[in-house]
Amino acid sequence: MLFFPQARATGNDIIDVEMHGKDDGAHVWFDPAGIHVEPGQTVRWTNRDPGNSHTVTSYHPDVFDRPLRIPANAKPWNSDYLLPGQSFSVTLTVPGVYDYYCVPHEHAGMVGRIVVGTPQPVAPSAVDPSLTPLPDVALNGFPPVDEIIAKGIVRRV
Amino acid sequence: MKMVSAALALMLAGTWPTLAQEVAKAPPPGAFKAVSSLVKLPDFLPGMGQLFVDPATLPAGPFLAYDHDGKLVSTIYMLPIKDLNPNKRFDDLASPGGNVDHVSVYYNAGHPGVEEPHVHVVLWHVAKADEARVAK
């Protein structure tokens, strides 16, 4: 994982995140994997992988019974499958940390993280056994919050 | 009796289509469906081509892959990594495509239809140089 210093976007900028994959489908990723934005900014994901479909899906109990990994009062989202060239956007108004994944590629580590504003630390909540936990490869794929805030974006190359 | 005689006559005349002949051109007959009609994927996948599969055979397949002219180029099996263990076997997978020129085996991170890391086992029915027919 590489870090490229960049001031976070301000105002009403749309922040772009692309979905990529190797030609043979052996490796897939969000680029950047981590971004820092201001409350009220819009993030737009676009599938730039010519040979695959991807989703951008927030971790939330209301979406496929997954653990809550976005602010408690934020609205969850699921783009459904995006074909090559298709886009999906979300405007994030609630400060906090938002973790998301690609449905068919979570087990390949295709996850991303958005930090909105300067979030306060949140105490870990109890694990709900009725929810499907994240695989280790996904848990290991999130860029650290501190690094995202310090660098603005975190990119995998 | 007449039907049996007719079939025998066709076979003797060499006009009875073999399985390989039946699937040589897209779309293949029977239960095969275009993968893009079953799940949200591009109709033509760079590196593989236009894929058809019998949904009853998922996830392993065989998937039949065709070039832009509808000619069969490969038969692909998709084997989930988690199923490659001492307690699981893949036996008697159909191979309707006929002669095999060479084989490729590689890891795939997943895609709609086989939504987990898996291995592609590709039986190429064309020469190495002709893989370019499905490159883009």
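Residues numbered from 1 in each chain as written. Chains lettered and ligands numbered in written order. Predicted model: local features only at pLDDT ≥ 70, side-chain atom pairs only at ≥ 80, totals over all residues.

A.B. asks: Would you mind going over the overall build of chain B with me for this structure?
C.D. replies: Across its full length, chain B holds three helices and seven strands. Listed by position from the N terminus, the elements making up chain B come as α-α-β-α-β-β-β-β-β-β. Buried positions account for 29% of the 136 residues belonging to chain B. (Helix = DSSP H or I, 4+ residues; strand = E, 2+ residues; numbered from the N terminus. Buried ≥ 20, exposed ≤ 12 C-beta atoms within 10 Å, placed from the backbone.)

A.B. asks: When you look at the interface of chain A and chain B in this model, what are you seeing that I'm missing?
C.D. replies: Reports often express the size of an interface as the amount of accessible area lost when the parts come together. With 18 residues of chain A at the interface, the matching set in chain B holds 16 residues. Partitioned by chemical class, the residues of the side of chain A that touches chain B number nine nonpolar, seven polar and two charged. (Contact = placed C-beta atoms within 7 Å. Nonpolar A, V, L, I, M, F, W, Y, C, P; charged D, E, K, R; others polar.)

A.B. asks: In this structure, what is going on with unusual backbone geometry? I would like to understand it.
C.D. replies: Glycine aside, residues mostly have negative phi, and peptide bonds are mostly found in the trans state. Along the chain, B:Ala26 connects to B:Pro27 via a cis peptide bond; the corresponding omega equals 0°. Put simply, B:Leu58 and B:Pro59 share a cis peptide bond, and its omega is 0°. On the secondary structure map, B:Pro59 appears in the loop between strand E3 (49–53) and strand E4 (63–66). If you check the backbone angles, A:Asp80 has positive phi at about 65° while not being a glycine. Mapping A:Asp80 onto the fold places it in the loop between strand E6 (57–58) and strand E7 (87–92).

A.B. asks: Where do I start with the sheet that holds strand E5 (residues 41–47) of chain A in this structure?
C.D. replies: Two pairing modes exist for strands in a sheet, parallel and antiparallel, and in both the strands are linked by backbone hydrogen bonds. Residues and elements named next belong to chain A. Ordered by their spatial adjacency, four strands build an open sheet running E3-E2-E5-E7, and the pairing between neighbours is mixed. What marks the edges here is a single partner per strand, and that holds for strand E3 (28–31) and E7. Averaged over all adjacent pairs, the angle separating strand axes in this sheet is 20°, with direction ignored. Examined bridge by bridge, strand E2 (residues 14–21) and E3 share four bridges and lie antiparallel to one another. Following the sheet pairing, His-20 is matched in E3 by Trp-29. (Pairing = 2+ DSSP bridges. Axes fitted to C-alpha atoms, helices over the stretch in contact; angles between N-to-C directions.)

Functional significance is not addressed by these values, which are geometric in nature.
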